[in-house]
Amino acid sequence: MPSYLFDSAAAQAADRFSALESCYDAASRRALELTGLTSGWRCLEVGGGSGSLGDWLGERVGPEGEVTVTELEPRWAVSRARPKHVRLLRHDIARDPLPGKNYDLIHARLVLLHLPERLEVLPRLAASLQPGGWLVLEEFDCSWTPVLACEDEAAAELFGRVHTVLMGLLEKAGADPLWGRRVLGAMAAVGLTDLTATTFAEAWRGGNTEIALHRHNIDQVDDQLVAAGVASGELDAFRTLLQHPGFIVNSYPLISARGRRRHARGKGKPR
Ligand SMILES: C[S@@+](CC[C@H](N)C(=O)[O-])C[C@H]1O[C@@H](n2cnc3c(N)ncnc32)[C@H](O)[C@@H]1O
């Protein structure tokens, strides 16, 4: 059976999580605020990684609310101190029953993209919302990472080549690198309403913190990249390129898709 390519138990996972946090948490917080998130809400954060967004949700809902953060491999989130109303659970969203129901908000960032079972998981998430509750799924469209500036055409080709092989590995593991462009349609197909999406992308310059996400990704699967045909010298050149200030590449666009469970007929307007 295909499995998650970037093993969260591996030592490099900590660097990947902190890169995701610094690149995308601000955009995710903005997308979550658009639901009207407020004190007292019951929230589920699926595949919470380092736990940074789960903790932020905990601050927003306060002790009158509650947040459950699930994670296949909770070892990175476990070290953060958190208040009692934020709980962390080892949980497999593809196989285990959901830990609760009637949520005001369910959020998952870059989790369903990786799951071969994404289309079975999605209706289970939708059914676990209370009427009027929000599902926010944030996913990449990995196809749009153009090189925006580069002093050397061969270097830009190298970036494209290594990145394409990485995408092939993801697909082989059951991920859908284009899920970001499909997620809103999939949410419509399970009956969610008030659908809308915002997309965040920015330019990543060589040597800066954000572009390091590419390095952490390839460091974690470098043996698989070599087995798939990338020469180890190309990987070294790729790492060097990511340090070059003349190299600028578009970030992965993060599509933040929002939808809510329909209100029962005659039960009044959405909040
Ligand atoms: C790309 S990371 C994203 C982490 C976090 N959501 C973020 O955006 O920073 C994908 C996360 O999904 C988790 N994951 C993968 N398969 C899972 C599953 N079946 N159930 C729960 N979590 C899963 C991984 O352990 C990993 O933490």
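Residues numbered from 1 in each chain as written. Predicted model: local features only at pLDDT ≥ 70, side-chain atom pairs only at ≥ 80, totals over all residues. Heavy atoms only, no water.

### Some thoughts on the site of the ligand
Inference 1: Among the 19 residues in the neighbourhood of the ligand, the closest are listed as Ser 8, Gly 47, Glu 71, Asp 92 and Arg 109.
Inference 2: Separating a nitrogen atom of the ligand from a backbone N or O atom of Ile 93 is a distance of 3.0 Å.
Inference 3: When residues of the shell around the ligand are assigned to their parent elements, the largest contribution, 3 residues, is made by helix α1 (residues 13-33).
Inference 4: Within the shell around the ligand, the residues separate by chemical class into 9 nonpolar, 6 polar and 4 charged. (Near = heavy atom within 4 Å. Polar contact = N/O pair within 3.5 Å; in protein donor to acceptor, adjacent residues only side chain to side chain. Helix = DSSP H or I, 4+ residues; strand = E, 2+ residues; numbered from the N terminus. Nonpolar A, V, L, I, M, F, W, Y, C, P; charged D, E, K, R; others polar.)

### Digging into the sheet that holds strand β6 (residues 147-149)
Inference 1: Spatially, β6-β9-β8 is the arrangement adopted by the 3 strands of the open sheet, whose pairing is antiparallel. Edge positions in the sheet fall to β6 and β8 (203-205), since each of these pairs with one other strand and no more. Neighbour-to-neighbour, the strand axes of this sheet turn through a mean angle of 35°, independent of strand direction.
Inference 2: Summarising the sheet, β6 and strand β9 (residues 248-250) pair through 2 bridges and their orientation is antiparallel. If you follow Ala 149 over to β9, its bridge partner there is Ile 248. (Pairing = 2+ DSSP bridges. Axes fitted to C-alpha atoms, helices over the stretch in contact; angles between N-to-C directions.)

### Thoughts on the side chain of Ser 52
Inference 1: In this fold, Ser 52 is placed in helix α2 (residues 52-61).
Inference 2: A relative accessible area of 11% means that Ser 52 is categorised as buried.
Inference 3: A polar side-chain atom of Ser 52 sits 2.7 Å from a polar atom in the side chain of Asp 25. (Buried < 20%, exposed > 50% of the residue type's maximum accessible area, 1.4 Å probe, protein only.)

### Structural notes on the pattern of salt bridges
Inference 1: Counting across every chain of the model gives 17 salt bridges.
Inference 2: Here Arg 82 makes a salt bridge to Asp 55, at a shortest N to O gap of 3.3 Å. Taken together, the residues Arg 82 in the loop between β2 (66-71) and β3 (86-90) and Asp 55 in helix α2 connect sequence positions 27 residues apart.
Inference 3: For Asp 55, a relative accessible area of 13% corresponds to the buried category.
Inference 4: The closest approach of N and O atoms between Asp 176 and Arg 182, which form a salt bridge, is 2.8 Å.
Inference 5: Note on Asp 176: relative accessible area 12%, which makes it buried.
Inference 6: The exposure class of Arg 182 is partly exposed, given its relative accessible area of 40%.
Inference 7: Linked by salt bridges that have partners in common, Arg 215, Asp 219, Asp 222, Asp 236 and Arg 239 make up one network. (Salt bridge = Lys/Arg side-chain N within 4 Å of Asp/Glu carboxyl O.)

### What about the packing of aromatic side chains?
Inference 1: Tallied over the full model, the rule gives 8 aromatic pairs.
Inference 2: Between the aromatic rings of Tyr 24 and Phe 140, the centroid separation amounts to 5.1 Å while the plane-to-plane angle is 55°, which identifies the pairing as tilted. Note that Tyr 24 is positioned in helix α1 and Phe 140 in strand β5 (residues 129-140), a separation of 116 residues in sequence. Side by side, Tyr 24 and Phe 140 carry an identical accessibility label, which is buried.
Inference 3: For the pair Phe 140 and Tyr 252, a centre-to-centre distance of 4.8 Å together with 20° between the ring planes defines the contact as stacked. Here Tyr 252 lies in the loop between β9 and β10 (254-260) and Phe 140 lies in strand β5, a separation of 112 residues in the sequence. For the pair formed by Phe 140 and Tyr 252, the shared burial category is buried.
Inference 4: Within the aromatic cluster, the residues linked to one another by ring pairs are Tyr 24, Phe 140, Phe 200, Trp 204 and Tyr 252.
Inference 5: Here the basic side chain of Arg 118 rests over the ring of Trp 179, its NZ or CZ set 5.7 Å away from the ring centre. (Phe/Tyr/Trp six-rings, centres within 6.5 Å; stacked < 30°, edge-to-face > 60°. Lys NZ or Arg CZ within 6 Å of the ring centre and 35° of its normal.)

### Describing the environment of Ser 18
Inference 1: One can find Ser 18 in helix α1.
Inference 2: Its relative accessible area of 41% is what places Ser 18 among the partly exposed residues.
Inference 3: When the C-alpha positions of Ser 18 and Glu 234 are compared, they lie 26 Å apart, and in sequence the two are 216 residues distant.

### Brief notes about the packing of helix α3 (residues 118-127) against helix α5 (residues 179-189)
Inference 1: The contact between α3 and α5 brings their axes to 11 Å, and the two run at 45°. Classified by the angle their axes make, α3 and α5 are oblique. Considering only the axes of α3 and α5, their crossing is right-handed. From α3, Arg 118, Leu 119 and Leu 122 reach across to α5, where they touch Trp 179, Ala 186 and Met 187. (Parallel < 35°, antiparallel > 145°, perpendicular 65-115°, else oblique. Left-handed = near helix turned anticlockwise from the far one by under 90°. Contact = heavy atoms within 4.5 Å.)

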